[in-house]
Amino acid sequence: MEEKKIPRKPVLYYYAVVLITIVLLNALIFPNIMKRQIVKVDYGSFLMKVDSGLVKTVSIHDDEIFFTLQKKNTAGATGSYEPKDQLLTLLNEKNNETVYSTVPMNDPTLVERLLNAASPNENRKISFARELPKKNSPLLSFLLTWILPTILFYGIGEVFTKKMQQSGLSGGNFMTFGKSNAKIYVQALTGKTFADVAGQDEAKESLVEIIDFLHNPGRYAEIGATLPKGALLVGPPGTGKTLLAKAVAGEANVPFFSITGSEFVEMFVGMGAAKVRDLFKQANERAPCIIFIDEIDTIGKKRDSGMVGGNDEREQTLNQLLSEMDGFDGTKGIVILAATNRPEILDKALLRPGRFDRRIPVELPDLMGREAILKVHTINKKLSREIDFSMIARSTAGASGADLANIVNEAALRAVRMGRREIIQNDLEESVEVIIAGYQRKGKTISIKEREIVAYHETGHALVAAKQSDSAPVHKITIIPRTSGALGYTMQVDAEEHNLMSKEELFNKITTLTGGRAAEEIAFNRKTSGASNDIEQATRIARAMVTRFGMSDNYDMMALETVTNQYLGGDSSLICSSETASRIDNEVLSIIRNAHARATEILKENRKLLDDLSKYLLDKETISGEEFKKIMGNEN
Ligand code: ADP
Ligand code: MG
Ligand code: ZN
C-alpha cells in the first residue's frame with residue numbers, strides 16, 4: 001500500500017543548520033579564543049616597560065590595554081611604523097611578536113608617560129591610540145541572539161519528539177493535539193483504478209454510482225434522489241475491499257481521506273474523538289470528497305459488549321463518529337466508505353439508515369471472477385502462449401483475490417528458479433499446489449512400507465471419487481510429501497462452479513473423504529493417522545448437513561446451529577438443547593458410518609483396480625487426470 005507519508009524535513013535542512021553554526025563559530029567565537037592567547041601582565045610591569053622604553057605599540061580599550069615590545073635585534077627597522085588599528089595590526093602582522101595585555105587603571109598620567117617614554121634611540125616613539133568599543137554588525141548580533149538559539153532549540157525539540165515517538169510514547173500527540181493523520185489520496189497516489197479490480201462487478205457498480213454522484217450531484221437532485229451518506233464494504237479478507245477503495249480514489253478525482261480504524265485508538269480518552277472531529281472538519285472544507293475508514297470494526301464494535309467498565313475511549317470515538325455522520329449535509333458531497341470483515345459485530349447505530357445504510361458485499365470471487373483476477377495479475381508478466389487460465393480458476397475454488405495474486409507471483413518465482421524466461425502452465429499449477437499444500441519436500445525420507453500405505457490411501461480417495469456419479473473428476477494424485485505435512489493428496493477439479501450442493505453430492509463428498517482410510521483397511525487391515533484431515537473435513541460436512549442444511553429427516557428444517565463469524569472462518573454455535581446436541585452427534589456419526597461403509601464397498605468391488613493404480617502411483621509418484629482416466633478405461 002503506497003501511502004503518502006507526511007513530508008519529513010529534508011536532510012538538507014539539517015545540513016544548513018550545521019553549516020550556519022560552523023560559519024558563525026568561525027566568524028565570532030574562534031577569534032575571541034585566539035585573542036586569549038595573549039600574555040597578561042599587571043599594570044605596574046606595563047608602566048615599567050613603558051618607562052624603560054621597551055614598549056613599541058599600545059592599544060587602549062575600555063577594559064583592556066594591549067601592547068607589544070620592541071624587538072631587541074630589529075632596532076631602527078620599525079621607527080616610522082604607524083598602524084591604523086593597532087589591535088588588528090598586532091594580531092595580523094606581528095607574526096612572532098608576543099602581545100601583552102593588562103587591565104587599565106584610572107591613570108590620567110598614562111598618556112604623558114607614553115609620550116615622554118624615553119627610548120634608547122631617540123627616533124623611536126611609542127605609537128598609541130584609544131580604540132572605540134567595537135560593535136558587531138547589527139544584523140550579525142540579531143542573528144546571533146535571536147535566530148541561532150531559536151534554530152538550536154527547534155532542532156533539539158525535533159530530535160526529542162522523534163525519540164519519543166520511536167519509543168512509543170506517542171509524544172507527537174502533545175505537539176499535534178487532536179490532529180488526525182488522515183492521508184489525502186489524490187489520483188496519482190494510489191495509482192489504482194477499477195481496471196485493477198477484476199470481477200466484483202456488483203460492488204463496482206455501486207461505487208460507480210457514488211463517484212458519479214460526486215461528479216454531478218445536480219442530476220440526482222433533479223429527480224429528488226439522495227445518495228447514501230455511507231457505504232460499507234463487507235467481505236472475507238483478501239477479496240479486494242481496500243483495493244476497491246483505492247480504486248475509487250483513483251477514479252473519483254476528488255480528495256480522498258483514508259484512515260484505518262486502529263488509527264483512532266489512542267492512549268488517552270477523548271483523543272480518538274478529537275481525531276474524528278478533525279477528520280470531518282478537514283473533509284467539510286474540501287467537499288466534495290470521500291472518506292474511507294478501513295477495518296471499521298476496530299472502533300465500531302457493539303457498545304454493550306458486557307465488558308466490565310466498557311471501553312471509554314472506543315465508545316467516545318464511536319459516538320463522535322455517529323454524531324459527525326448525522327451532522328454533515330448529505331447534499332454537500334461527502335461520502336463515507338468503510339470496510340470490514342466482521343459486519344455482525346458492528347454497532348446497530350452505525351448501520352441504521354442515514355449512516356452506513358448501503359452495504360456492498362465483496363464476496364469471494366466465482367469462477368469467472370477468479371479467471372479475471374488471474375488475468376489482471378498476469379498483465380505485466382511474461383506468459384507462454386498455452387496458459388489455460390480457466391483450468392487454474394477451476395482448481396482454485398474458494399480462493400480469494402489475494403490468494404490468486406499470491407499464486408501468480410509464486411508461479412513467476414518458480415519460473416525464475418527453473419531458469420525460464422516466461423511463466424508456463426506448469427508453474428501456475430505447481431504454485432496452486434504450493435498454496436494448498438505447501439512446497440514439495442523431496443528430501444523427506446519415507447520408508448517403503450509407509451509410501452505404499454500413502455499410495456493406497458490416495459488411490460482410495462481417487463477411486464471412490466471416480467466410481468460415484470456427481471463427483472468432481474480427479475485431476476491429479478501425488479505421493480510427494482509437502483511442507484504442510486501432507487504425505488500426498490488427491491486433487492479434484494470440477495468442470496464448473498457449484499453454487500448449490502445436493503444432499504447426494506455432500507454425501508458423495510464424505511464418501512470420497514473416507515475412501516483413503518477404507519483403502520488402508522482393505523489392503524493392510526490397518527488404521528493410520530494419515531486420515532486425520534479427512535476425518536475433520538468429513539465431520540464438518542456431515543455436521544453442517546444435519547444442523548444447518550436441514551438434510552436430516554428427524555429435524556426437518558429446524559436450525560440447530562448459527563454461523564457467528566461468516567467471513568472469518570465461519571465458526572458456528574449450537575442453538576439447541578443439550579439433549580438435541582447429543583442426538584445430533586449420533587446422526588452425524590451415522591452419516592459418516594454409512595459413507596465409510598459405502599467407500600469400503602466400492603473399493604472391494606474394484607480391488608484389482610485399487611492394486612494396479614496404487615502400484616502405478618508408487619512407481620510414478622504422480623498421476624495426472626488423463627493417465628488416471630486411461631487406466632480406469634482400460635480396466636473396464
Ligand atoms: P481486503 O479485502 O482484505 O482489504 P485487499 O484489498 O487488501 O483485501 O486485497 C489484497 C490484494 O489481493 C490486493 O492488493 C490485490 O493484489 C489482490 N486482490 C484482491 N481482490 C482482487 C480483485 N478483485 N482483483 C484484483 N486483485 C485483487
Ligand atoms: Mg483490507
Ligand atoms: Zn486422505
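Structural notes, computed from the coordinates. (Residues numbered from 1 in each chain as written. Chains lettered and ligands numbered in written order. Predicted model: local features only at pLDDT ≥ 70, side-chain atom pairs only at ≥ 80, totals over all residues. Heavy atoms only, no water.)

Moving on, we come to helix α10 (residues 241-252). Counted at 1.5 Å a residue, the expected span for α10 with its 12 residues is 16 Å, and the 16 Å between its end C-alpha atoms agrees. Of all 12 residues in α10, nine are buried; the element is thus mostly enclosed. Within the sequence span of α10, burial applies to Lys241, Leu244, Ala245, Lys246, Ala247, Val248, Ala249, Gly250 and Ala252. Looking at the residues trailing α10, positive phi occurs at Asn253, about 65 degrees. (Helix = DSSP H or I, 4+ residues; strand = E, 2+ residues; numbered from the N terminus. Expected span 1.5 Å × (residues − 1). Buried < 20%, exposed > 50% of the residue type's maximum accessible area, 1.4 Å probe, protein only.)

Turning our eyes to something else, we now look at the coordination of the zinc ion (ligand 3). Protein ligation of the zinc ion (ligand 3) involves His457 (NE2), His461 (NE2), Asp534 (OD) and Asp534 (OD), the donor distances falling in the range 2.0 to 2.8 Å. In this structure, the zinc ion (ligand 3) is surrounded by four donor atoms whose angles at the metal cover 52 to 145 degrees, and the resulting shape is irregular. When the donor residues of the zinc ion (ligand 3) are listed from N- to C-terminus, their spacing reads H-x3-H-x72-D. With a gap of four residues between them, His457 and His461 both fall in helix α19 (residues 448-467), about one helical turn apart. (Donors = N, O, S within 2.8 Å, 3.2 Å for Na, K, Ca; no water. Tetrahedral: all angles 85-135°; square planar, octahedral: opposite > 155°, others 65-115°.)

What follows covers the side chain of Thr378. When you line up the elements, Thr378 lands in helix α15 (residues 367-378). Beyond its immediate sequence surroundings of up to four residues, Thr378 is in contact with Leu383, Phe389 and Val408. (Contact = heavy atoms within 4.5 Å.)

It is worth spelling out the site of ligand 1 at this point. Around ligand 1 lies a shell of 16 residues, among which Ala198, Gly238, Lys241, Thr242 and His377 are the nearest. The contact in question runs from an oxygen atom of ligand 1 to an N or O atom on the backbone of Gly238, over 2.8 Å. Taking Leu243, its main chain carries an N or O atom lying 2.8 Å from an oxygen atom of ligand 1. Those elements giving two or more residues to the shell around ligand 1 turn out to be α10, α15 and α17 (401-417). Residue classes in the shell around ligand 1 are distributed as seven nonpolar, seven polar and two charged. (Near = heavy atom within 4 Å. Polar contact = N/O pair within 3.5 Å; in protein donor to acceptor, adjacent residues only side chain to side chain. Nonpolar A, V, L, I, M, F, W, Y, C, P; charged D, E, K, R; others polar.)

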